[in-house]
Amino acid sequence: MIEIEIKARVDAGALRRRLGQEGATLERRVEQTDLYFNAPHRDFARTDEALRLRKEEGRVFLTYKGKKLDAKSKTRKEVEVEVADFRRMEDILLSLGFTRSLRVHKTREIYHFGDAVACLDMVDGLGEFVELETLATDMGDVEEKRDWLIGEMRRLGVEGELIRESYLEMLLAKR
């Protein structure tokens, strides 16, 4: 699948009210702890890829994110699998020569918003953001869906600059 994502800084309270006015429904609030890894055979920072191990509500996911495919958004291939044990998966990756890059912690509110998912994120060390996301099955759908997400972002009253960097990239840049 190809994940199309638009992100911007926001005032969480104001956006929460606006999402309610627009009929978005809160699905759940979760704590997410992400541990990112770098590969022994290539530098993910240079190749614009990511490998993430995520803890969320007692579940664990390993996610590969490919390089960004478009200049306006964070559109990229994403492959995710649930694994049984965070520590064991981390041990496997470290044993294979992967190295820890950075840990990212956030509280995420997940809303259903039309054909998109709106995530209101409070990221430790960075602040408050909104991500609007949808999926495409192939590159033919990406531009139309990306432009639709940008329009929805503006309709929600988010006027700030769109951000292509991941939270990992933003935290690394702060170092």
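Refer to the preceding data block for the structure.
Fair warning: this is a prediction, and the values are worked out from it, not measured in the lab.

**Q** Talk me through the environment of Leu-162; I want residue IDs and the actual numbers.
**A** In this structure, Leu-162 sits in the loop between helix 4 (142-155) and helix 5 (167-174). Owing to a relative accessible area of 21%, Leu-162 belongs among the partly exposed residues under this scheme. Taking C-alpha positions, Leu-162 is 20 Å from Glu-78, a pair spaced 84 residues apart along the chain. Every residue in contact with Leu-162, bar those within four places of it in the chain, is listed here: Ile-6, Lys-7, Ala-8, Ile-150, Met-153 and Arg-154.

**Q** Please set out the sheet that holds strand 4 (residues 59-65) residue by residue, giving values where relevant.
**A** Reading around the circumference, 1-5-4-3-2-6-7-8 is the order of the 8 strands in this closed barrel, with antiparallel pairing throughout. Direction aside, the axes of adjacent strands within the sheet are offset by 35° on average. As judged from the 13 bridges shared by strand 2 (residues 25-38) and strand 6 (residues 99-113), these two strands associate in the antiparallel manner. In the strand pairing of strand 6, Gln-32 is matched with Lys-106. Along the sheet face, helix 3 (residues 86-95) touches strand 2, strand 3 (50-56), strand 4, strand 5 (76-83) and strand 6 and points at about 165° away from the line of strand 3. Contacts between helix 5 and the sheet are confined to strand 1 (2-9), strand 2, strand 6, strand 7 (116-123) and strand 8 (127-136), with strand 6 contributing the most and set at about 130° to the helix.

**Q** Residues and numbers for the layout of surface pockets, please.
**A** The volume enclosed by the largest pocket comes to roughly 810 Å³. Taken together, 41 residues line the largest pocket, and the ones lying closest to its centre are Arg-52, Arg-54, Lys-65, Glu-78 and Arg-108. When residues of the lining of the largest pocket are assigned to their parent elements, the largest contribution, 6 residues, is made by strand 2. Of the residues that constitute the lining of the largest pocket, the class distribution is 15 nonpolar, 5 polar and 21 charged.

**Q** So what about unusual backbone geometry? Which residues, and what values?
**A** At Asp-48, a position not held by glycine, the phi torsion is positive, near 65°. Within the element layout of this structure, Asp-48 appears in the loop between helix 2 (44-47) and strand 3.

**Q** Which residues make up the side chain of Lys-106, and what values do they have?
**A** Checked against the element boundaries, Lys-106 lands in strand 6. Within the local environment of Lys-106, its side chain forms a polar contact with the side chain of Asp-34, the two groups lying 3.2 Å apart. Lys-106 has contacts with Val-30, Glu-31, Gln-32, Asp-34, Arg-54, Asp-121, Met-122, Val-123 and Tyr-167, leaving out every residue within four places of it along the chain.

**Q** Let's hear about helix 3: which residues, and what values?
**A** Restricting attention to buried positions, one finds in helix 3 the residues Phe-86, Met-89, Glu-90 and Leu-93. For helix 3, the arc enclosing every buried residue in end-on projection is 100°, short of the 170-degree limit, so these residues lie on one face. The exposed set on the far side of helix 3, more than 90 degrees from its buried face, consists of Arg-87, Arg-88 and Ser-95. Looking at the buried side of helix 3, the elements it contacts are strand 2, strand 3, strand 4, strand 5 and strand 6. Just downstream of helix 3, Gly-97 is the residue with a positive phi angle, here 100°.

**Q** Would you mind going over the nonpolar core in detail, with residue names and values included?
**A** Formed by 23 residues in total, the largest nonpolar core has its most connected members in Leu-15, Leu-19, Phe-113, Leu-132, Met-153, Leu-156 and Val-158. Counting only elements with at least two residues in this core, the list comes to strand 1, helix 1 (12-21), strand 6, strand 7, strand 8 and helix 4. Contacts of Phe-113, omitting those with residues within four sequence positions, involve Leu-19, Glu-22, Ala-24, Ala-118, Leu-132, Glu-152, Arg-155 and Leu-156. Formed by 13 residues, the second largest nonpolar core is a distinct cluster that contains Leu-35, Leu-51, Leu-53 and Val-83.

Criteria and thresholds
- Residues numbered from 1 in each chain as written.
- Predicted model: local features only at pLDDT ≥ 70, side-chain atom pairs only at ≥ 80, totals over all residues.
- Heavy atoms only, no water.
- Helix = DSSP H or I, 4+ residues; strand = E, 2+ residues; numbered from the N terminus.
- Buried < 20%, exposed > 50% of the residue type's maximum accessible area, 1.4 Å probe, protein only.
- Contact = heavy atoms within 4.5 Å.
- Pairing = 2+ DSSP bridges.
- Axes fitted to C-alpha atoms, helices over the stretch in contact; angles between N-to-C directions.
- 1 Å grid on protein atoms, 1.4 Å probe; cavity = no way out; pocket = protein on both sides within 12 Å on 5 of 7 lines; lining within 4 Å.
- Points joined across faces, edges and corners; volume = space filled by probe spheres on them.
- Nonpolar A, V, L, I, M, F, W, Y, C, P; charged D, E, K, R; others polar.
- Polar contact = N/O pair within 3.5 Å; in protein donor to acceptor, adjacent residues only side chain to side chain.
- Arc of directions from axis to C-beta.
- Core = buried A, V, L, I, M, F, W, Y, C linked by side-chain atoms within 4.5 Å.

Distances and angles like these do not, on their own, reveal function.
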